[in-house]
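Summary of the model geometry
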Amino acid sequence: MKSINASEVMAKSKFSRIHLTVFIWCAFGIIFDGYDLNMYGVVLPSLMKEWNLTAIQAGIIGSYALLGMMLGAFFFAPLADKLGRKKVLLICILIFSISTVLAGFSSGPTQFSILRFIAGFGLGGLMPNVIALMTEYSPKSIRGVLVATMYCGYAIGGILVSLMGIYILPEFGWRILFWSAAVPLVFLPFFVKFMPESMSFYILRKQNAKLSDILNEVDPGKNYKESDEFQFEEEKARAKGFPVKKLFENKRARSTFMFWLACFSCLIMVYGLNTWLPKLMMQAGYPLGSSLSFMLVLNIGSIIGSIFGGLLADRIGSKKVLLWFFIMGAICFVMLGFKTNLLFLYILIFVGGACTIGTQNIANPYIAEYYPKEMRSTGIGWALGMGRIGALLAPTLGGILLSKNLPLQMNFLAFCIPCVLGVLAILLIQNKYGSFDKKVIDEKDFSMEERA
């Protein structure tokens, strides 16, 4: 009987069909996650006009979905570590798809807000679980870029809804954007059939046959068998106890708090821009179509930034890349504080997308990989959940700023503050206490701290 470390086998593997399958379904969920969350910013001018909302009222309504996301991340992430990530993903997709469709039938802001809260609850459980699954099923050599590229689905969803806002919303109204959220429900039977569960779930449930099939596919020639020992007792012992408590054990407490601060800083920028960028540009004198094109550029920038940053992270380490992205974001927002021509404005917003959404996309696999796999969903889920406090504040704070009728440049300067907080948080993270795969990880992420 062989003793098999499934995580080591997967980390050393080359990209194969099973990696592609997990990538496609995780990206699928993230695309509609991005579609749903960017949708509010696209329809916001129409909602404010139809329901006579003030900027502050509109910001508060936008925060309801983000409050739901925060609670959903706290609830579903530990649950997934116990029940399985695939099952929780299925539940989350059902919740946010159905409630978003129903929001399209809302007769007023109260009903709309309740349904957006429920949709956010489902979305909050989706993101940490797709990140944890993609991290677990990625070869170490391309893990950063693979997870970051998968998370580009968020920006693709933002691009889709921006295009619908430009070409379909003027003809058919805002409700059709919500009704189109029914599309994921059509694909759920295929998700159930083809998406695998997490490897740690198979080990804990002693489903060795399924696990050996996966390992034989990613590492052919080794002939893994159901009778092999997949370190079950070790996995079982580590899985005992309350997962959230383990985030602070083994000298992980400081880094855990810094991950939370980094996510807070990223998400207050992401949701501030997603919610208010079209309205800010309209207030600056641009028509609705042009204002939505800025949202389009923001999301394109996040895709390029995520892929480029993921490639860099696999080569020089995630920590260094995140530091530079936060610094570039601060410089970008300072420059947006000066009057400039339209082309340069587009370039700056492109860079802003790379350094906000792109930064979060690079941080996600870094955070997930920091924690042991039996608590990975909890680690990334609680980091995103605490980060949702920033996301929750962003629409309301943006509404307050907008109501003051400040110059456009002053509104952008406010985004420099979370960039500075992000730099401080990343500097204080202690890689040496993380549970990275020590046998295959490149040592460059650790060298600076070890010398210190």
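In case you missed it, the structure is sitting above this.
Residues numbered from 1 in each chain as written. Predicted model: local features only at pLDDT ≥ 70, side-chain atom pairs only at ≥ 80, totals over all residues. Heavy atoms only, no water.

Structural notes on the side chain of Asn129
- Structurally, the position occupied by Asn129 is in helix H5 (residues 109–136).
- Owing to a relative accessible area of 0%, Asn129 belongs among the buried residues under this scheme.
- Here Gly125 takes part through its backbone oxygen, which lies 2.7 Å from a polar atom of the side chain of Asn129.
- Beyond its immediate sequence surroundings of up to four residues, Asn129 is in contact with Phe76, Ala80, Arg85, Val88, Leu89 and Ser377. (Helix = DSSP H or I, 4+ residues; strand = E, 2+ residues; numbered from the N terminus. Buried < 20%, exposed > 50% of the residue type's maximum accessible area, 1.4 Å probe, protein only. Polar contact = N/O pair within 3.5 Å; in protein donor to acceptor, adjacent residues only side chain to side chain. Contact = heavy atoms within 4.5 Å.)

Notes on the pattern of salt bridges
- Per the stated rule, a full pass over the model turns up six salt bridges.
- Linking Asp36 and Arg116 is a salt bridge whose minimum nitrogen-to-oxygen distance equals 3.0 Å. With a gap of 80 residues between them, Asp36 in helix H2 (residues 17–50) and Arg116 in helix H5 connect regions that are remote in the sequence. Just as Asp36 is buried, Arg116 falls in that class too.
- A salt bridge links Glu136 to Arg85, with the shortest nitrogen-to-oxygen separation between them at 3.0 Å. With Glu136 in helix H5 and Arg85 in helix H4 (residues 85–103), the pair connects residues that are 51 residues apart, well separated along the chain. For the pair formed by Glu136 and Arg85, the shared burial category is buried.
- Look at the salt bridges and you will find they share partners, linking Lys140, Arg143 and Glu369 into a network. (Salt bridge = Lys/Arg side-chain N within 4 Å of Asp/Glu carboxyl O.)

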